[in-house]
Amino acid sequence: MAGNDWLNSYLEAIIDSGPNVGDSQSSLLLRERGYFSPTRYFIEEVITGFDESDLHRSWARASATRSPQERNTRLENMCWRIWNLARKNKQLEGEEAQRVAKRRSDHERGRREVTVDMSEDLSEGEKGNTLGDLPAPAESVKGQMRRVSSIDVMENWAAQQKEKKLYIVLISLHGLIRGENMELGRDSDTGGQVKYVVELARALGRMPGVYRVDLLTRQVSAPDVDGSYGEPTEMLPPVKSENPAHEIGESSGSYIIRIPFGPKDQYISKELLWPHIPEFVDGALVHIIKTSKVLGEQIGYGQPVWPIAIHGHYADAGDSAALLSGALNVPMLFTGHSLGRDKLEQLLKQGRQSKEEINATYKIMRRIEAEELTLDASEVVITSTRQEIEKQWSLYNGFDPVIERKLRARFRRDVSCLGRSMPRMIIIPPGMEFHHIAPQDGDMDGEIEGSGVDPSSPDLPIWAEIMRFFTNPRKPMILALARADPKKNITTLVKAFGECRPLRELANLTLIMGNRDDIDEMSSTNASVLVSILKLIDKYDMYGQVAYPKHHKQSEVPEIYRLAAKTKGVFINPAFVEPFGLTLIEAAAHGLPIVATKNGGPVDIHRVLDNGLLVDPHDQQSVANALLKLVADKQLWGRCRQNGLKNIHLFSWPEHCKTYLARIACCKQRHPEWQKPADGYESSGSDSPGGSVSDIQDISLNLKLSLGDEKNEGSGAVDNYVDSGENVIDGKGKLENAVSMGTPKAGSTYKSEYHVGSSKSSALRKRKYFFVIAVDGNGTSDFLESIKKIVETVRQDKSIGSMGFILSTSLAISEIHSLLVSGGLSHSDFDAFICNSGAELYYPSSTSEDGTHRLPFLLDSDYHPHIEYHWGGEHLRKTLLRWAASTTDEKGEEGPIVSEDKSGSTTHCYVMKVEKPELIPSIKELRKSMRIQALRCHVIYCQNGNKLNVIPVLASRSQALRYLHIRWGVDLSHIVVFVGEHGDTDYEGLLGGVHKTVILKGVGGGVDKHHAHRNYPLKDVVQFDSPNITQVEGCNSNTIMSSLGKLGILKT
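Report on the accompanying structure.

Cut-offs used in this document
- Residues numbered from 1 in each chain as written.
- Predicted model: local features only at pLDDT ≥ 70, side-chain atom pairs only at ≥ 80, totals over all residues.
- Heavy atoms only, no water.
- Helix = DSSP H or I, 4+ residues; strand = E, 2+ residues; numbered from the N terminus.
- Buried < 20%, exposed > 50% of the residue type's maximum accessible area, 1.4 Å probe, protein only.
- Contact = heavy atoms within 4.5 Å.
- Salt bridge = Lys/Arg side-chain N within 4 Å of Asp/Glu carboxyl O.
- Axes fitted to C-alpha atoms, helices over the stretch in contact; angles between N-to-C directions.
- Parallel < 35°, antiparallel > 145°, perpendicular 65-115°, else oblique.
- Nonpolar A, V, L, I, M, F, W, Y, C, P; charged D, E, K, R; others polar.
- Phe/Tyr/Trp six-rings, centres within 6.5 Å; stacked < 30°, edge-to-face > 60°.
- Lys NZ or Arg CZ within 6 Å of the ring centre and 35° of its normal.

## Considering the side chain of S808
Inference 1: Position of S808 among the secondary structure elements: in strand 18 (residues 803-808).
Inference 2: Residue S808 is classed as buried on the basis of its relative accessible area of 2%.
Inference 3: Once you skip the residues sitting within four places of it in the chain, S808 turns out to touch V772, I773, A774, I834 and R957.

## Brief notes about the pattern of salt bridges
Inference 1: Enumeration over the complete set of coordinates arrives at 41 salt bridges.
Inference 2: Between R111 and E108 there is a salt bridge, and its shortest N-O distance comes to 3.0 Å. Highlighted residues: R111 and E108, both in helix 5 (residues 68-118), separated by 3 residues, approximately one helical turn.
Inference 3: Looking at R111, the relative accessible area reads 22%, which means it is partly exposed.
Inference 4: Taking the relative accessible area as the measure of exposure, E108 reaches 35% and is therefore partly exposed.
Inference 5: For R258, the salt bridge identified is with E234, shortest N-O distance 2.6 Å. Of this pair, R258 sits in strand 4 (residues 254-259) while E234 sits in strand 3 (residues 233-235), and the two are 24 residues apart along the sequence.
Inference 6: In this structure E234 comes out as buried when scored by relative accessible area, which is 18%.
Inference 7: One network of salt bridges, in which partners are shared, links R178, E183, R186, D187 and D226.

## So, the packing of helix 12 (residues 355-362) against helix 13 (residues 364-377)
Inference 1: Two elements in contact, helix 12 and helix 13, have axes whose closest approach is 6 Å; the angle formed by their N-to-C orientations is 80 degrees. On the basis of the axis angle, helix 12 is roughly perpendicular to helix 13. The residues of helix 13 that touch helix 12, namely those facing K355, I358, N359 and Y362, are I364, M365 and R366.
Inference 2: Considered class by class, the residues forming the contact of helix 12 with helix 13 number 4 nonpolar, 1 polar and 2 charged.

## Side note on the packing of aromatic side chains
Two numbers describe a pair of aromatic rings. These are the distance of the centres and the angle of the planes.
Inference 1: Following the criterion strictly, the structure yields 16 aromatic pairs and no others.
Inference 2: Pairing F469 with Y548 gives two aromatic rings, centres 5.0 Å apart and planes at 50 degrees, and the pair type is tilted. Highlighted residues: F469 in the loop between helix 16 (461-467) and strand 9 (477-481) and Y548 in the loop between strand 11 (546-547) and helix 20 (557-566), separated in sequence by 79 residues. We note that F469, like Y548, is buried.
Inference 3: Ring centres of Y863 and Y963 lie 4.9 Å apart, and the angle between their planes is 70 degrees; this geometry places the pair in the edge-to-face category. Pair noted here: Y863 is in helix 32 (residues 863-867) and Y963 is in helix 35 (residues 957-968), with a separation of 100 residues, a long-range link.
Inference 4: Following the ring pairs from residue to residue traces out a cluster consisting of Y769, F771, F805 and F978.
Inference 5: A cation over a ring is seen here: R218 above F261, with NZ or CZ 5.8 Å from the ring centre.
Inference 6: Over the ring of Y869 we find R670, and its NZ or CZ is 3.8 Å from the ring centre.

## Brief notes about helix 34 (residues 923-932)
Inference 1: Those residues of helix 34 that fall on the buried side of the exposure criterion are I923, L926, K928, M930, R931 and I932.
Inference 2: Just past helix 34, the residue A934 takes up positive phi, approximately 65 degrees.

## Details of the side chain of R967
Inference 1: Checked against the element boundaries, R967 lands in helix 35.
Inference 2: Overall, the relative accessible area of 1% leaves R967 in the buried class.

Quick look at the structure:
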């Protein structure tokens, strides 16, 4: 129609600029129709590519319009909308290019600064080592375990490990996890990761030397899920095996532990779990402590048996594992499974959503920050493939392959890394159980009759369920097993099959896409993919050639593989990007050749197994050709089958677990450890999770700070102390360092003495409630008045019972003392003082009677060794000073923007005074800068933005409360935290967990500028409608009492 010439011109312009149509797609259309059809392009490419649901409705209405003029008008409007979408996509692509360039520039600058700081370039030896191949610092020949390929060798190895009694904690939070009949594919959260963690826990529990494995997950008691997910404990019995090498572990040692957190009667997606993570951490902490005590009675000679490692799976569990690792001071491991930055980049490239829209849907920025924290806290990051390290983890601020290579080489040469650290990236492919697999050598001839099932196998209903779809069930089966998710790329597979006539004549296609009852009940994304597939089946008239059963059990999956192998079929994984590809391992174990995406883990799997072909998932013709080649060439099919079966043992769970345990053994072991009575400290007892509280002043060194000493005289000792992370210090050295260095000011003078007979800690242990005052401010009279009002008001109500008070602040202990004195408050009014944003912990002490002027506080010298993991010490301080000077130069302002506050700094908290708050970078930029330089620390703007505290990465005020729980048995659920409406940049950590929180609106200072530049909104991490959080106006007696009543503290 001549009136539609404008339509052709607009659509052809879109082709030139559109992101979703390449040359191959355009040529395909030309081949099919002989000319380019704007209508076909519009319907099949534009609407599908931009995912605008209302476009299709508009097109339908326009097509149904009888008036040519009105139809042309509507079509013209639609073209303008499409043009706008294309322009928006171009804009998003430009923004992404700028972000990539900036990230590259930032990393290059960080590398230069690290190189300058280390005062040397990469040596030839450092250049020659490839990423991930360098051993850990403590690694020895003994730690490098060779593969075990025979039962005799396995038994010898088992005998060497038998004396070990290890406790391992695994964490996987989202999805539905149980040991049997896993509902894989039920939703996007219940996928391959669920199977992986369950089988890993089961396999580790069977390994020699492993006494217990706990897999911690969420307890779900919701009406729409099975009741088994609400059971608090589930034992994972070992899988039976005829191979004695599989029976050498202690088979009863693996459990699924379900921790209640989040909405009690709802099953929610992983994107909604973030505000509830602190609640899980507190619940998991209680479980681990109790279990450690029980194990101590069984195998620890009365001493708690702490986990040898805590292993988080996925970002949410990684965030939890980091907090638990810091609270318990035990090594952390992490497996990403899939990574947020990689997903963000993929979504941005699609051009359908802006970064803000992506974050609103997936909470992607919170996920990325959690993954950055895991890099800060992890000793080992376990990956499945080299591609994951080089292409995905390299996107993060906290990991740089160049710096990692340099640090690893320095470790090997026993050279100081100057306070810098990188987690060890280890490639360990996921394992698999092979005991139940018996590859079939026969084919289907003579076995399948008209009913489509082997009459000799009446107990295989899944075979009948699949075969009922096929007109000719004897043809080879092309099998795809993946949920209906766009990234799994099933639609391309169906198109490739439908448009390749020779392939359709030779083979059938089976699509196992999870379980469903009704398409309308599926998520919109999954339903959209499934509807598209059904339409394609109808379009190409593939009835009788494609099977898509609605239901299958997890226990039937091996039979599905076996059925495909018996038909001499092929397994395909066409995902756009596949992090690993566990289904490829499963298929190979059943004798199926594979066709897989060339993006991600399948490359490494194919390199080992050599049992199929790799394809470009975007190239439909390449997918069809690969499938046709394997189905048609029986010799190639047989060779690929044999290669897979020959090499599959390299992916067994025993192989995986041996490498896994060897890597854990290379970690520097640490756990909660208190000084013993012989050194002036008490030993662990049974009255508290980590040790009984007999008397703080009876069991600890009374270290008192001299008010007169303001000079930093101990810099040399500081250097030696902070380097202890690389050189293990014996118990005596730790005690000497605790006496000389466990001070709020390096080089300060102390008097140490023992006190016996005080009832202070006995009273602390008997407290019913603790009230934590964490109202942030700058030490003004308003801050003091809030403290006084809370203490006075709470003490008036005797119905609360025995109570204690804890002051939690960014101030140094000397500043706290001055504040209390000025307000007429006594230090004895409080049971503990969390100072310097969580870097220091003090208890009140009796006033000295020798006439000297010393602060009446007792330092918890066990706390510093507990939090100093990855602490950069003096090297970090020098970097901060260099950064302060560079900010002044860059801004071109007279006078410094920040300067060192020596009087407020301690060995574990460097304080910077902010001279010009309006010029200071945001907190996320500071954290980014530290991470890029491999400096692991917690950076906090405090005191209304006038101070900057830099403390150990896993130290915080909220973590200090968890330490009190571990050390002294303080019940976290009986803690009430008072905070202001705003606060320091660590404010969010005080709002979650099992403790109660009172938000005093209109009270306290805040760093609004830096909170405004957060990576994610506060609502993504704090559940303000939680029953444990209440908000009241102001800070007066009425509002305080009202808040305690709402929280159930006061008796009504």
